[in-house]
Amino acid sequence: MRIFIVPALVAMMGLLSCNNFEYSPNQVFDKNSYRDINAGNLKRLGDGKGDDTVRFVLSGDTQRSRDETVRFTKKVNDMPGIDFVVIAGDITEFGVLQEMEWISRSLSKLNVPYVAVIGNHDLTSRGRDAFINMFGPLNYSFLYGGVKFVCHDTNSREHKFDGNTPDIPWLKAEMQPQAGVSNFVGISHVPPNSLDFDEKLVKGYTAAFAETPGFLASLHAHTHNYDLFYPDDSGIPYLTTSSMGNEEFILATIINHKISFERIQF
Amino acid sequence: MSGYSFKMAFVALLLISGALKSSAQGLKFLIPDNAIVQYAGSIGYFSVGAGYDLFKNKRGILDLNYGYVPASKGGELNIVTAKFAYRTYEVQLKDWGKFYPFNPGFFLSYTFHPELSYRFNRNRYSSDYYRWSEALRPHLSIATELELNGDKFLKGSGIRAVSLYTEFNTNDYYLINYFQNTSELTLADIFQLGIGLRLKF
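For every chain, the first residue of its written sequence is number 1, and the numbers climb from 1 along that sequence. By the order in which they are written, chains take letters starting at A while ligands take numbers starting at 1. For a predicted model such as this one, the threshold for reporting local features is a pLDDT of at least 70, and the threshold for listing and counting side-chain atom pairs is 80 or more; totals across whole chains, interfaces and linings nevertheless cover every residue. Excluded from the side-chain calculations are hydrogens and water; all other atoms, namely the structure's heavy atoms, are used.

The name an unreviewed UniProt entry assigns to chain A is Metallophosphoesterase, from the organism Pedobacter steynii.

This is the structure in structure tokens:
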């Protein structure tokens, strides 16, 4: 009889030390949660003044792809000259805290700072609040090397096509001419050629970018397939990266007010 | 079924069971055998419940719990849970208690929160868009239980036994993440812990 007791107690103690007291899969933070990842990483990134070659990685849809995310971080760490990484939405599959923690744990091994943008899956369950706690606001922008990166929520379907997603007045305000900013890049999850993007807002959205002097590109994820398209005659490229699970990302380079892209498999 | 009608059905069930309990002798089986308090374990910051001993050998466990997660702990959530488990091994500890080292089980939790629906709105999402339920969560569990004999420790209290248990659980979300990422997620990542106290009348 006693044979059960010792191994069971040992196993119990070992497991207890893991400290996995979970109150609910739907809780939006716990005492181990990362906080304000975007703000912290952007502080680390700095403003890139004097950096005349802005080079960053665009990936997305890390949902259920932690093995690939680990390989991705190794690949990016082996590449020289990268300033930062953007994960353009769908950090999670089910919008739960644990998934955000697992993916963040892998991404924290990146040598360069990374930022995350909200995706439609991240808005299921209580993912919205979990995302805000762990990463920060759904619409935000940052300046690096004279380029303003305008990150925003385009997950219209999850906002019931309420007419405010994407928030075009906010985008326009962010893209006003500004000292020290010569170019703009838009980054969001759902591309405007998707049925999940509010069709009533497509025209206003692309027009807002077309009207912004120095606007270089609109970057997206969501479809899990590489796509480069031009929805209007402004000449502005709209690019969708493949997913983390498909083991492909985009390396974007901005030199002398021009942006170029490279598809990289890993 | 919407979250609202689910809530109503649950309330109705509680009322009916309460009414039955007070009237009919034959429905004595509705009176719980145990009272439970639990900390964590994915069904509340704290939860309270009523437990039933199942089967002739009383090794089956059926627990109905209500749990609460306050906003300060990542809520605010109200959770009802129905648990089933089986005490596969029973180890007699002289005259003072029993040890149940391995109680595998299954439980369903339903979480009430305005942002959690039983099913995604089919007007807005085609049936293959999001396939899961946000509010209803299936879990697998493994518990270890140490039971102290009431006659020995709590003489005359009317309490047959007091047991302390630890319970690990995981859910469909975590299992899917685990099986698709076996090299980078560990069992310790996906199993979540709760501890509880059970009073047996």
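There's plenty left to go through after this.
**Student:** Just to check I follow, could you spell out the packing of helix H3 (residues 66–77) of chain A against helix H4 (residues 97–107) of chain A for this structure?
**Tutor:** Each pair of packed helices can be described by the angle between their axes along with the distance between the axes. All names here are of chain A. The contact between H3 and H4 brings their axes to 9 Å, and the two run at 20°. Taken together, the axis directions place H3 and H4 in an arrangement best described as roughly parallel. Where H3 crosses over H4, the handedness of that crossing is right-handed. For the pair H3 and H4, the contacting residues are Arg66, Thr69, Val70, Phe72 and Thr73 in the first and Trp102, Ile103, Arg105, Ser106 and Leu107 in the second. All axes are obtained by fitting lines to C-alpha atoms, using only the stretch in contact for helices, and the reported angles, taken between N-to-C directions, cover 0 to 180 degrees. Elements are defined by DSSP. Helices are runs of H or I of four residues or more, strands are runs of E of two residues or more, and each kind is numbered from the N terminus. Angles below 35 degrees are treated as roughly parallel, those above 145 as roughly antiparallel, those between 65 and 115 as roughly perpendicular, and all remaining angles as oblique. Take the far helix as the reference: if the near one is turned anticlockwise from it by less than a right angle, the crossing is left-handed, and if turned clockwise, right-handed. Whether two residues are in contact is decided by their heavy atoms, any of which lying within 4.5 Å being enough.

**Student:** I tried to follow the sheet that holds strand E6 (residues 183–188) of chain A on my own but got confused; where do I start?
**Tutor:** Think of a sheet as strands paired side by side through backbone hydrogen bonds, with each pair either parallel or antiparallel. All names here are of chain A. When DSSP finds at least two bridges between two strands, those strands are taken to pair. Sheet architecture is open: 6 strands sit in the order E4-E5-E6-E7-E9-E8, paired in mixed fashion. Strands at the two margins of the open sheet, each flanked by one partner only, are strand E4 (140–144) and strand E8 (227–229). Taken pair by pair, the neighbouring strands of this sheet meet at an average axis angle of 20°, ignoring direction. Where strand E5 (residues 147–152) lies against E6, 6 bridges are found, and the strand directions are parallel. Among the inter-strand pairings, histidine 152 is bridged to a residue of E6, identified as serine 188.

**Student:** Would you explain the sheet that holds strand E1 (residues 53–59) of chain A in this entry?
**Tutor:** Residue and element names in this part refer to chain A. Taken together, 5 strands build an open sheet; the order of strands is E3-E2-E1-E10-E11 and the sheet is mixed. In the strand order of this sheet, the two ends are held by strand E3 (114–117) and strand E11 (258–265), each with one partner. Sheet twist, expressed as the mean angle between neighbouring strand axes with direction ignored, is 25°. The pairing of E1 with strand E2 (residues 84–88) spans 4 bridges and is parallel. When the sheet's bridge partners are listed, serine 59 is paired in E2 with isoleucine 87. Taken strand by strand, helix H2 (residues 37–45) contacts E2 and E3, and its axis lies near 145° from that of E3.

**Student:** When you look at the pattern of salt bridges in this model, what are you seeing that I'm missing?
**Tutor:** Side-chain pairs of opposite charge can arise where the charged atoms are in close proximity. Note on definitions: salt bridges are taken to be side-chain nitrogens of Lys or Arg within 4 Å of carboxyl oxygens of Asp or Glu. Applying the stated criterion to the full structure yields 19 salt bridges over all chains. Among the salt bridges present, the one from lysine 148 of chain A reaches glutamate 174 of chain A, with a minimum N-O distance of 3.3 Å. Of this pair, lysine 148 of chain A sits in strand E5 while glutamate 174 of chain A sits in helix H6 (residues 168–174), and the two are 26 residues apart along the sequence. Only protein chains enter the accessibility calculation, which uses a 1.4 Å probe; a residue is then buried when its area is under 20% of its type maximum, exposed when over 50%, and partly exposed in between. Given a relative accessible area of 16%, glutamate 174 of chain A falls into the buried group. Look at the salt bridges and you will find they share partners, linking Arg126, Arg128 and Asp129 of chain A together with Glu115 of chain B into a network.

**Student:** For this particular structure, what's the right way to read H2 of chain A?
**Tutor:** Owing to its 3.6 residues per turn, the α-helix aligns residues three or four sequence positions apart on the same side. Residue and element names in this part refer to chain A. For H2, every residue scored as buried is listed here: Ile37, Asn38, Asn41, Leu42 and Leu45. Projected down its long axis, H2 carries its buried residues within an arc of 120°, all on one side. Looking at the buried side of H2, the elements it contacts are E2, H4, E3, helix H5 (127–134) and E4. Just downstream of H2, glycine 46 is the residue with a positive phi angle, here 80°. The arc under discussion is defined with respect to the helix axis, by the directions toward the C-beta atoms.

**Student:** Looking at this model, I keep getting lost on H5 of chain A. Mind explaining?
**Tutor:** Residues and elements named next belong to chain A. Among the residues of H5, those classed as buried are Gly127, Ala130, Phe131 and Met134. Looking down the long axis of H5, one finds its buried residues gathered within 100° of arc, a one-sided arrangement. Where H5 is buried, its residues meet H2, H4 and E3. In the stretch just after H5, glycine 136 is the one whose phi turns positive, near 130°.

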